[in-house]
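# Summary of the model geometry
Residue strings, one per chain:
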Amino acid sequence: VAAGLLTVSSGIGGTILYAKWDHKFRAAVEKNVPYSDLLFSLALGPSSQEEASVEATHIISAIGEVPSVPAPCDTEAAAVKAVSASLEESLASSAKTTLQAIGAQEAALQAITQHTHKLKEAMEAEVPPQEKSAQWKDLEAALANRTCAMNDASTALLKANETLGSLKSVIDKSKGLNIAAVHPLVLAAEENLHNMIVDLDKVVTKVQSAESEAKIVSQYSELVNEAKQQFQREVSSLTPEIQANWKGLTGKLSADDLNALIAHAHRRIDQLNRELAEQRVREQIHIDAALEQQKLEDQKALEKAVNTTLQHVKEEARLEQERKLGELREVMEAEMRTQLRRQAAAHTDHVQDVLKVQEHELRAEAEQVLSSKMLEQETRYRQLNQEQLDNFTLDMNTAYARLKGMEEAIDSHVVAEEEARKAHQLWLSVEALNYTLKTTDSDLPTIPLKSAAEAVRDSCHDNDFALALASALPEESLHRGVYSEASLRARFNSLRSLARRVALIDESHNSLYQYFLSYLQAALLFEDEQKAPPTQLSREDLDPFKLLSYASYCLEHGDLELAAKLVNQLRGETRRVVEDWLTEARLTLETRQVVSLLSAYANAVGLGTTQAP
Amino acid sequence: MAEEHGRKWDRCLADTAVKTVTGLGVGIVFSVLLFKRRTWPVAFGSGLGVGMGYTNCQNDFRLPYLIHGRMVKDQ
């Protein structure tokens, strides 16, 4: 027993689980097994709504899909947009109405099933009378509900059909526009339409099946009701005081009533037996007729179903075809595009080659032209350059020559100036020398001429003549200086008396007696103080006294040279006496001569170098 | 050169004077000492003195004109 119970429970559990997983199985079980829907609704919750919701989601997704198909082909964007917009609109409306219809149908189905269920319950349940009336009320409510739902469903169905029809027309219109880009949209819309139609049909068939079932149940319930009523009538005819719902009566009946009731029951049983026998006999015929009818109906239904499915299949096939067409078209387009691309690539290659060749040619030409122009330009440029260079060289040469000339002129100027300067310097130094000759106090010699002579020598150290002259200065004059003419004159004057006194003394006559005689002579002899010397000296003129007077005369007249010459003629002791004076005079004369020569030379040189302005 | 002459004369005269006086003195001395106050040593002495002085003077004046010769021995 336990094993049997276990198997049964496991079977039930298994069916429940499988029904939970497979909704179709659940629907089938519910349809075939009478109270399984209760069980399933208890265990798993209501079933039929899921399918509807699945379908609704399917439709909603379909709606969602369609608008998301992008509007292709920018050239016909406006038309496409319009078409797509219209499609969307109609799709949306149709989807809505379809959903509504489906919902209504579902509701109707539900109502029907509920009603049937309730009816079945009412028919078969053993419930007390007051509950029964409630049940019957419930049933009536359910019936009203069912009719209402049926109406709703039918209107919704009508509406849905309408909208589906409009969608179909829109689709046809858009198909009529024959724009390539719209095809996928159209295709999608058509598919959605088809799906909606299919769903709607499914639901409608479900509703119809439910309806038929309900009809059966209602028929059965009607029969049962009729039977009941008849039985009631019979019972009431038999036992008028008995109320309805006789099942509840137990102790109220009398024995007669009971007997009558039993007899009636027997009679009813007999009748029913007979009817049953009759029914059994006619069963086969009835069954056949029913079968026939059923067959006919089935056939009809089958036909209808076949038609609808055929339509659906046709529709699907058409859609499939369209889809395939679309795909093929796309593939073709893609292939065409690739071919075109290939062609374009080939074309571009060809064009590139041609362009390259052309470029080559043009480049060669251009280069040639360029090179020729360049050559021309270059030669011209070189020419210009050469010209410029020549001009420049010329200018440079002239400038250089001029510069050289100027330089030479300047140099010569410089040289001349240098010479002039030197001459000037020489002259200056000579003048200085000259001046030094004048720097005498009486009876004192000049300052030594050394420095001046040095200066002179410095200022003429490239001039041999001047050098020679400068070096010709007597040493005494350099170191000691010379006496001036005035001092010499004075000295001579003082010397003269002595010279007179020793006039007779010479080498042979130089005793004291002679001295005495000469003194006597000097005291007694008178000669001219000064007497001009003749141009030629005779023997008489060689007398010392005369000579002295001549010399005096010359000195007085500034002719130191002649005086010196005359004095030079003195002999003897007079000569010795005036020897110093003579050397001094000679020195002076020499110096003076050299200086005058130098100055003359300096003058000459200066004259030579000074340029006339 | 003129001063030399003068100097010579100065020297000469001074020298002569000195010599004369010296001679005189010597003469005097001699005359006194040796020659029993005769005058001839005085005169002699003074004369000597004068003569020496005179000669000196003359030589002095002649000095520039004197030529000194030298004997060169043949080698």
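Thresholds, definitions, all that
One numbering rule holds for all chains: residues counted from 1, following each sequence as written. Each chain is given a letter, starting from A, and each ligand a number, starting from 1, according to the order in which they appear as written. Restriction of local features to residues with pLDDT of at least 70 applies here, the model being predicted, together with a cutoff of 80 or more for giving and counting side-chain atom pairs; totals for whole chains, interfaces and linings are based on all residues. To obtain the side-chain values, all non-hydrogen atoms of the structure were used and water was disregarded. Secondary structure elements are defined from DSSP: runs of H or I of at least 4 residues count as helices, runs of E of at least 2 residues count as strands, and each element is numbered from the N terminus. Residues are treated as being in contact if the distance between any of their heavy atoms lies within 4.5 Å. Only the protein chains shown count as covering a residue, and every accessible area follows the Shrake-Rupley method with a 1.4 Å probe. UniProt positions are given in the numbering used here, feature names are shortened, and annotations may be inferred rather than shown by experiment. To pair, rings of Phe, Tyr and Trp, with the six-membered ring standing in for Trp, must have centres within 6.5 Å; the planes then decide the type, stacked if under 30 degrees apart, edge-to-face if over 60, and tilted in the middle. We call a residue buried when its accessible area falls under 20% of the maximum for its residue type, exposed when it is over 50%, and partly exposed in between, using a 1.4 Å probe and counting protein chains only. Cation placement over rings: the criterion is NZ of Lys or CZ of Arg within 6 Å of the ring centroid and within 35° of the ring normal. You can read pLDDT as the predictor saying how much it trusts each residue, on a scale of 0 to 100. Note on geometry: axes are lines fitted to C-alpha atoms, helical ones only across the stretch in contact, with angles between N-to-C directions running from 0 to 180 degrees. Any angle from 65 to 115 degrees is called roughly perpendicular, while one under 35 is roughly parallel, one over 145 is roughly antiparallel, and all others are oblique. What the arc describes is the spread of directions from the helix axis to the C-beta atoms. Candidates for patches are residues over 30% relative accessible area with no salt bridge; among them, like charges are joined within 9 Å and nonpolar side chains (Val, Leu, Ile, Met, Phe, Trp, Tyr) within 5 Å. Criterion for a salt bridge: a side-chain nitrogen of Lys or Arg within 4 Å of a carboxyl oxygen of Asp or Glu.

Attention now moves to the overall build of chain B. Regarding its fold elements, chain B presents two helices and zero strands. Summarising the internal contacts of chain B: among those between residues at least 6 apart in sequence, 59% fall at separations of at least 24. Of the roughly 5,500 Å² of accessible surface on chain B, a fraction of 65% belongs to carbon and sulfur atoms.

Look at the UniProt record and you will see "transmembrane region" (unreviewed entry) annotated at residues 16–35 of chain B. End-to-end, the C-alpha atoms of residues 16–35 of chain B are 25 Å apart, and along that stretch the chain is 90% helix and 0% strand.

It is worth spelling out the packing of aromatic side chains at this point. Within this structure, the stated rule accounts for 10 aromatic pairs over all chains. Relative to W21(A), the ring of Y18(A) lies with its centre 5.8 Å away and its plane at 45 degrees, an arrangement referred to as tilted. Of this pair, Y18(A) and W21(A) both sit in helix α1 (residues 2–21), three residues apart, which is roughly one turn of the helix. Using a relative accessible area of 37% as the deciding quantity, one classes Y18(A) as partly exposed. Taking relative accessible area as the criterion, W21(A) reaches 66% and is therefore assigned exposed. Centre to centre, the rings of F492(A) and W581(A) are 4.9 Å apart; their planes meet at 50 degrees, and the pair counts as tilted. Here the residue F492(A) occupies a position in helix α12 (residues 485–501), and W581(A) occupies one in helix α16 (residues 572–609), the gap between them amounting to 89 residues. One aromatic cluster is present, built from ring pairs that chain together Y515(A), Y519(A), W9(B) and F61(B). One cation-aromatic arrangement involves R491(A) over Y483(A); the distance from NZ or CZ to the ring centre is 5.7 Å.

This paragraph deals with the confidence of the model for chain B. Residues at a pLDDT of 70 or more form 97% of chain B, whose mean pLDDT is 84. This prediction of the complex comes with two scores: 0.42 for pTM and 0.85 for ipTM.

Residue and element names in this part refer to chain A. Viewed as axis vectors pointing N to C, helix α14 (residues 544–556) and helix α15 (residues 560–568) meet at an angle of 170 degrees, and their least axial separation amounts to 8 Å. Considering the angle they form, α14 stands roughly antiparallel to α15. Across from L547, Y550, A551, C554 and L555 in α14, the residues of α15 making contact are L560, L562, A563, L566 and V567.

Residues and elements named next belong to chain A. For T163, the position within the fold is in helix α6 (residues 129–177). Residue T163 is classed as buried on the basis of its relative accessible area, which comes to 14%. Excluding anything up to four places from it in sequence, T163 contacts S93, S94 and T97.

Another aspect to go through is the UniProt feature "coiled-coil region" (unreviewed entry) in chain A. Here, UniProt's "coiled-coil region" (unreviewed entry) annotation points to residues 255–282 of chain A. For the annotated span residues 255–282 of chain A, helix accounts for 100% and strand for 0% of the residues, and the straight-line distance between the end C-alpha atoms is 38 Å.

Once that is clear, we can look at the environment of K546(A). All names here are of chain A. Position of K546 relative to the elements: it lies in helix α14. Along the chain, K546 and K531 lie 15 residues apart, while their C-alpha atoms are 7.7 Å from each other. Every residue in contact with K546, bar those within four places of it in the chain, is listed here: K531, E540 and D541.

Attention shifts here to helix α10 (residues 464–471) of chain A. Residue and element names in this part refer to chain A. When we look at burial in α10, the residues that qualify are A466, L469 and A470. Buried residues of α10 fall within an arc of 100 degrees about the axis and therefore sit on the same side. Exposed side chains of α10 directed beyond 90 degrees from the buried face belong to D464 and S471.

What follows deals with a nonpolar patch on the surface. Residues and elements named next belong to chain B. A cluster of nonpolar side chains, L24, V26, I28, V29, F30, V32, L33 and L34, forms an exposed patch at the surface whose accessible area comes to about 660 Å². For V29, the location among the structural elements is in helix α1 (residues 2–33). Judged by relative accessible area, V29 falls into the partly exposed class, the value being 41%.

Enumeration according to the criterion identifies 22 salt bridges over all chains in this entry. Measuring nitrogen to oxygen at the nearest pair gives 2.8 Å for the salt bridge that ties R363(A) to E359(A). Of this pair, R363(A) and E359(A) both sit in helix α8 (residues 255–438), four residues apart, which is roughly one turn of the helix. In this structure, D15(B) and K19(B) form a salt bridge, with 2.7 Å as the shortest nitrogen-oxygen distance. Residue D15(B) and its partner K19(B) are both found in helix α1; the two are separated by four residues, about one turn of the helix. On the basis of relative accessibility, which here comes to 17%, the residue K19(B) falls in the buried class. Each member of the salt-bridge network shares a partner with another, and the members are E191(A), E320(A), R323(A) and K324(A).

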